[in-house]
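# Observations on the model geometry
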Amino acid sequence: LPTLLTFSLLLTGCTVSHNDNSDDTVTISVASGFARNHSNNDGLWMFVDKLEENAPWINIDFKGGPEVMASNLLIEGVAAGVFDIGVLPGDYYVDQIPAMELARFTPYTPMEERENGVLETYDEIHRDQLGITYLGRAVAGMPQVILSRREITDLDLHGDSYRTSSAMSNMVLTLGGVPVDLPGNEVYTALERNVVSGATWASVGPSSLGLEGVVSYDVAPRFYESLANIVMNERSWDQLDQRTQDALVDTIAEVEPDIFAHYLSKTIEETEQWHAAGVQEARLSDNDSRTLLELAYVDAWEDLDWDRILSTSPAAARLRDAYDTNDSELTFDRVPGGSFISDTTDLVEELK
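Figured I'd write up the structure that's included with this text. (Residues numbered from 1 in each chain as written. Predicted model: local features only at pLDDT ≥ 70, side-chain atom pairs only at ≥ 80, totals over all residues. Heavy atoms only, no water.)

We now examine the overall build of the chain. Counting secondary structure elements, the chain contains 13 helices and 11 strands. At 20 Å, the chain has a C-alpha radius of gyration in line with the 20 Å of a compact globule built from 352 residues. Counting only C-alpha atoms, the chain reaches 65 × 45 × 40 Å along its principal axes. For the chain, buried positions account for 55% of its 352 residues. Relative to all contacts within the chain whose residues are 6 or more apart in sequence, the contacts with residues 24 or more apart total 77%. (Helix = DSSP H or I, 4+ residues; strand = E, 2+ residues; numbered from the N terminus. Rg over C-alpha atoms; globule rule 2.2 N^0.38 Å. Buried < 20%, exposed > 50% of the residue type's maximum accessible area, 1.4 Å probe, protein only. Contact = heavy atoms within 4.5 Å.)

Pasting the structure below:
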């Protein structure tokens, strides 16, 4: 990898060329943690399309997804300047920036984070630790959901195995399940053969794997946010002229509400697809629903490795203050994308 990064520095980065009208053209290389046609790239393409309207002198050179650099290495590639911009979840680089453990706990939409100073804190953390500029969200509005072969009627997974992400493994353990680490392309087969009893996933994406054919229930309430970030190599950023910097920031700010609304709508569409295929909602009782949110947003929050997070990212103390929720303040509105699909539907109507 070091050899690759050193060699790639000679080949990539922001470039400025001149067209026939003698106007400066800025070319910015971009790589994603997701395959080109993955639904988690929808926000990226919305940003690119709007940028073409707002700043035609900027040329986005999309290099590819995991086929050009493994998703777990992409943040290092951006930090080294192999790519100018990377699009990837914070979960992919918690080893490099432990404070990214906090992102899923956000009670805010991307627009609110831009207004209340949370975005600036993330930018400071990224710059200090990796020499990367944090520009905004490419994915938001997708809560996590537990999908199961068996009906779940209470807060007990009965020792069953569930495919999880790093963001959800502790919750599965807390609920009495066994987290299993599996690549996404193996989950369908594992469920079909009863190797695992369920899976935790973002509320958009399971249908792309056909999981509605091998699970029977989706658990409500949903919780946490599934997010992806747009980050840029700081040296590449500093080389840009002010007009181009402003265009990038203004365009992301302009398109974030559309990205958020897009993933809310995709959540509704996909849930309808599950239910049309025979998957049923396993809605917990009011008391259990409340307890589930307490486990996710109070207990799990307190159990984070705060010593490590704050020692590596002192500015994360501001995120702790912004995200902290005590029991008396905990409501189902805590989930930006909606705890229940009816909440998501209401959010879409509010944004129209």
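Once you've had a look at it, read on.
This part covers the layout of surface pockets. As a volume, the largest pocket reaches approximately 1,100 Å³. In this structure, the largest pocket is lined by 42 residues; those nearest its centre are F34, P89, Y92, R163 and S165. Secondary structure elements with two or more residues in the lining of the largest pocket: β5 (132-148), β8 (198-202) and β10 (223-233). Broken down by class, the residue content of the lining of the largest pocket amounts to 19 nonpolar, 17 polar and six charged. (1 Å grid on protein atoms, 1.4 Å probe; cavity = no way out; pocket = protein on both sides within 12 Å on 5 of 7 lines; lining within 4 Å. Points joined across faces, edges and corners; volume = space filled by probe spheres on them. Nonpolar A, V, L, I, M, F, W, Y, C, P; charged D, E, K, R; others polar.)

Let us look at helix α5 (residues 118-130). Taking 1.5 Å per residue as the helical rise, α5 with its 13 residues ought to reach 18 Å, and the 18 Å between its terminal C-alpha atoms agrees with that figure. Along α5, the positions that sit buried rather than exposed are V118, L119, T121, Y122, D123, I125, H126 and L130. Buried-residue contacts for α5 involve α3 (74-80), α4 (110-115), β5, β10 and α12 (316-323). Just downstream of α5 lies G131, where phi reads positive at about 65 degrees. (Expected span 1.5 Å × (residues − 1).)

Relative to the helices and strands, S236 is located in helix α8 (residues 234-239). Sequence-distant contacts of S236, that is, excluding residues within four places in its chain, are made with C14 and D84.

On to the nonpolar core, then. One finds L102, F223, Y224 and Y297 to be the most contacted residues of the largest nonpolar core, which totals 65 residues. Residue contributions to this core peak at eight residues, all from helix α10 (residues 286-302). Contact partners of F223, with chain neighbours within four places excluded, come to P143, Q144, I146, M168, M171, L292, L293, A296, Y297 and V335. Counting residues in each nonpolar core, the second largest holds 47 residues, with L135, V139, V196 and A247 among its members. (Core = buried A, V, L, I, M, F, W, Y, C linked by side-chain atoms within 4.5 Å.)

Moving on, we get to a negative patch on the surface. Residues D299, E302, D303, D321, D324, D327 and E329 make up a contiguous surface patch of negative charge. Inspection of the secondary structure assignment puts D299 in helix α10. For D299, a relative accessible area of 35% puts it in the partly exposed group. (Patch = residues over 30% accessible without salt bridge, like charges linked within 9 Å, V, L, I, M, F, W, Y side chains within 5 Å. Areas by Shrake-Rupley, 256 points an atom, 1.4 Å probe, with all protein chains shown as cover. Salt bridge = Lys/Arg side-chain N within 4 Å of Asp/Glu carboxyl O. Lys, Arg positive; Asp, Glu negative; His and termini not counted. Charge placed at Lys NZ, Arg CZ, Asp CG, Glu CD.)

Under the defined criterion, the tally for this structure stands at one cavity of 30 Å³ or more. When its volume is computed, the largest cavity comes out at roughly 50 Å³. Around the largest cavity, the lining residues are I146, I152, D154, L155, D156, L157, L175, V219, L284 and L292. Of the residues assigned to the lining of the largest cavity, the class counts are eight nonpolar, no polar and two charged.

A few words now on the pattern of salt bridges. Scanning all chains against the criterion turns up 13 salt bridges. In this structure, D123 and R127 form a salt bridge, with 3.0 Å as the shortest nitrogen-oxygen distance. Here D123 and its partner R127 are both found in helix α5, four residues apart, which amounts to about one turn of the helix. According to the relative accessible area criterion, R127 is partly exposed, its value standing at 25%. Salt bridges sharing partners connect three or more residues here, namely K50, E53 and E254.

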